[in-house]
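Secondary and tertiary structure notes
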Amino acid sequence: MKEKIKHIPEQIYTDRAMREKSLRMVETRGHAEFEFQYRRKDQTLGWGHASVRAVRNAAGETAYYEGFFLDITDRKEMEEKLRETRDSLGRREIERALKIAQLNAVLAADIRERKIMERVLRARERELKRRSVKLGELNITLRTLLEQREIDRRDLERQIMTNIDDLIMPCIERLRNTEMTDQATSLIQSLQDNLNDLTSPFLCRIKAEAHLTFTELEIANFIKNGKTSKEIGTILKLSAGTIDFHRNMIRMKLGIRGKKISLQAYLMEHS
């Protein structure tokens, strides 16, 4: 240490002012005990307790200092942990007290609110009893209206079907008898098949149950009417491979993928 330590305040003490303060106490009192943070040889920090006294010469001047040093790093670390624990416990106690006060306030407000709600509910019960009589009368009126609406709906369906049969189908038949390309003939046939399907619940039911897309519904209708993948591809201007892909998706959505069931037969059976 005598070889390595050339300047104690900078090499040993982390706080140079502490070194000067401790020496002033020793000079004033003749001795002093104090704690300070020091720097080790490997530059790590520790805490020490020092007891120092001044040795005077005959003239009363300080000849040198003597004393002892005790490493108290473990004790200081323990004290710091205890302080942090006490602070943490103190904060927790304060937080717990605040939470309890808040809960008490919430509980009191809840009790008041419940009492108000009880009065409101009793008033509503009386109002509900009064309205129940009117509701019974309204139910009778509503039932009558619903029955009339069902009658009107059926009349509208019959009217639509009649218009399709009387106005649209004859035009399609006349078109079929005119000269046209094979593709146009197929499109006319598809239009006729689709109009026929509008008069049956097939498309609505299969769309709701299987969640088919518009293209899948169109292809399913062609399959139901006996069209091959090549024929459907020609009509829709798609490749046969694309049509086969849609076939597989339709089978999967209908729950018959991997089963030995004809897709056309299945669609016709459920139409």
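Coordinates for the structure precede this section.
So, a few notes on the structure that sits alongside this text. (Residues numbered from 1 in each chain as written. Predicted model: local features only at pLDDT ≥ 70, side-chain atom pairs only at ≥ 80, totals over all residues. Heavy atoms only, no water.)

1. A word on the overall build of the protein chain
Note the cut-off: The way it works is that DSSP assigns letters per residue, a run of H or I at least four long becomes a helix, a run of E at least two long becomes a strand, and they are numbered from the N terminus. Each residue is placed in one exposure class: buried if its accessible area under a 1.4 Å probe, protein chains only, is under 20% of its type's maximum, exposed if it is over 50%, and partly exposed if it falls in between. In what follows, a contact means two residues having at least one pair of non-hydrogen atoms within 4.5 Å. All accessibility values rest on the Shrake-Rupley procedure with a 1.4 Å probe; residue burial counts only the protein chains present in the view.
Each helix and strand in the protein chain was counted, giving nine helices and three strands. N-terminal to C-terminal, the α/β element order of the protein chain is α-α-β-β-β-α-α-α-α-α-α-α. Of all 271 residues assigned to the protein chain, the portion counted as buried reaches 22%. Sequence-distant contacts in the protein chain: of pairs separated by 6 or more residues, those separated by 24 or more amount to 40%. A total accessible area of about 20500 Å² is found for the protein chain, and carbon and sulfur atoms account for 56% of it.

2. Quick look at the sheet that holds strand β3 (residues 62-71)
Strand pairs in the sheet, formed through backbone hydrogen bonds, run parallel or antiparallel to each other. For the record, the criterion: Two strands pair if DSSP finds at least two bridges between them. In this description, a line fitted to the C-alpha atoms serves as the axis of each element, helices being fitted only across the stretch in contact, and the angle between N-to-C directions of two axes falls anywhere from 0 to 180 degrees.
The strand order across the open sheet built from three strands is β1-β2-β3, with neighbouring strands paired in antiparallel fashion. In this open sheet, the two edge strands, each paired with only one partner strand, are β1 (31-39) and β3. Adjacent strand axes in the sheet meet at a mean angle of 30° when their direction is disregarded. One ladder, built from nine bridges, connects strand β2 (residues 45-56) with β3; its direction is antiparallel. Bridge pairing links Ala 54 to Tyr 65 in β3. Of the strands in this sheet, β1, β2 and β3 touch helix α2 (residues 16-29), which is tilted by about 165° from β1.

3. Some points on the pattern of salt bridges
To be explicit about the condition: Any Lys or Arg side-chain nitrogen found within 4 Å of a carboxyl oxygen on Asp or Glu counts as a salt bridge.
Scanning the model with the defined rule gives 14 salt bridges in all. Two residues, Glu 80 and Arg 83, come together in a salt bridge whose shortest N-O distance is 2.4 Å. Of this pair, Glu 80 and Arg 83 both sit in helix α3 (residues 73-176), three residues apart, roughly one helical turn. Relative accessible area serves as the criterion here: at 33%, Glu 80 is assigned to the partly exposed category. The shortest N-O distance in the salt bridge between Glu 127 and Arg 130 comes to 2.1 Å. Of this pair, Glu 127 and Arg 130 both sit in helix α3, three residues apart, roughly one helical turn. Note on Glu 127: relative accessible area 26%, which makes it partly exposed. What makes Arg 130 partly exposed here is its relative accessible area of 43%. Connected via shared salt-bridge partners are Glu 35, Arg 75, Lys 76 and Glu 79.

4. Some words on helix α7 (residues 229-236)
What sets the pattern is the α-helix's 3.6 residues per turn: residues three or four places apart point alike. Quick note on the threshold: The directions considered for the arc run from the helix axis to the C-beta atoms.
Those residues of α7 lying buried are Ser 229, Ile 232, Gly 233 and Ile 235. Buried residues of α7, viewed axially, fall in a sector of 165°; they line one side. Directly beyond the C-terminal end of α7, a positive phi value near 60° is found at Lys 237.

5. Examining the side chain of His 246
Here His 246 shows up in helix α8 (residues 240-254). Sequence-distant contacts of His 246, defined by excluding residues within four places in its chain, comprise Thr 215, Glu 216 and Ile 219.

6. Looking at the packing of helix α6 (residues 214-224) against α8
Formally: Put simply, angles under 35 degrees are roughly parallel, angles over 145 are roughly antiparallel, angles from 65 to 115 are roughly perpendicular, and the rest are oblique. Three categories are distinguished: nonpolar for Ala, Val, Leu, Ile, Met, Phe, Trp, Tyr, Cys and Pro, charged for Asp, Glu, Lys and Arg, and polar for the others, with Gly belonging to the last.
Two numbers describe how α6 lies on α8: the axes approach to 10 Å, and their chain directions differ by 95°. The orientation of α6 relative to α8 falls into the category roughly perpendicular. Of α8, the residues touching α6 (which contributes Thr 215, Glu 216, Ile 219, Ala 220 and Ile 223) are Ile 243, His 246, Arg 247, Met 249, Ile 250 and Lys 253. Along the lines of polarity and charge, the residues of the contact of α6 with α8 split into six nonpolar, two polar and three charged.

7. Looking at the nonpolar core
As a reminder, the rule being used: In these notes, a set of buried Ala, Val, Leu, Ile, Met, Phe, Trp, Tyr and Cys residues joined through side-chain atoms within 4.5 Å is what counts as a nonpolar core.
Among the nonpolar cores identified, the biggest contains 15 residues, and Ile 219, Ile 223, Ile 232, Ile 250, Leu 254, Leu 263 and Leu 267 are the most heavily contacted of them. Broken down by secondary-structure element, the contributors of at least two residues to this core are α6, α7, α8 and α9 (263-269). No other element matches α6, which puts five residues into this core.

8. What about the packing of aromatic side chains?
In plain terms, the rule: Aromatic contacts are taken between Phe, Tyr and Trp rings whose centres are within 6.5 Å, Trp giving its six-membered ring; a plane angle under 30 degrees counts as stacked, one over 60 as edge-to-face, and the others as tilted. Think of it as a cone above the ring: NZ of Lys or CZ of Arg counts as a charge over the ring if it is within 6 Å of the ring centre and within 35 degrees of the ring normal.
One pass over the structure, following the stated rule, counts five aromatic pairs. Seen in terms of ring centroids, Phe 34 and Phe 36 are 5.8 Å apart; in terms of plane orientation they differ by 45°. Their pairing is tilted. Given the relative accessible area of 7%, Phe 34 is considered buried. Since its relative accessible area comes to 6%, Phe 36 is described here as buried. Ring-pair connections join several aromatic residues into one group, and the members of that group are Tyr 13, Phe 34, Phe 36, Tyr 38 and Phe 69. In this arrangement the basic side chain of Lys 76 is found over the ring face of Trp 47, its NZ or CZ atom lying 4.5 Å from the centre.

9. A closer look at the side chain of Ser 229
Here Ser 229 is to be found in helix α7. For Ser 229, a relative accessible area of 12% corresponds to the buried category.

Functional significance is not addressed by these values, which are geometric in nature.
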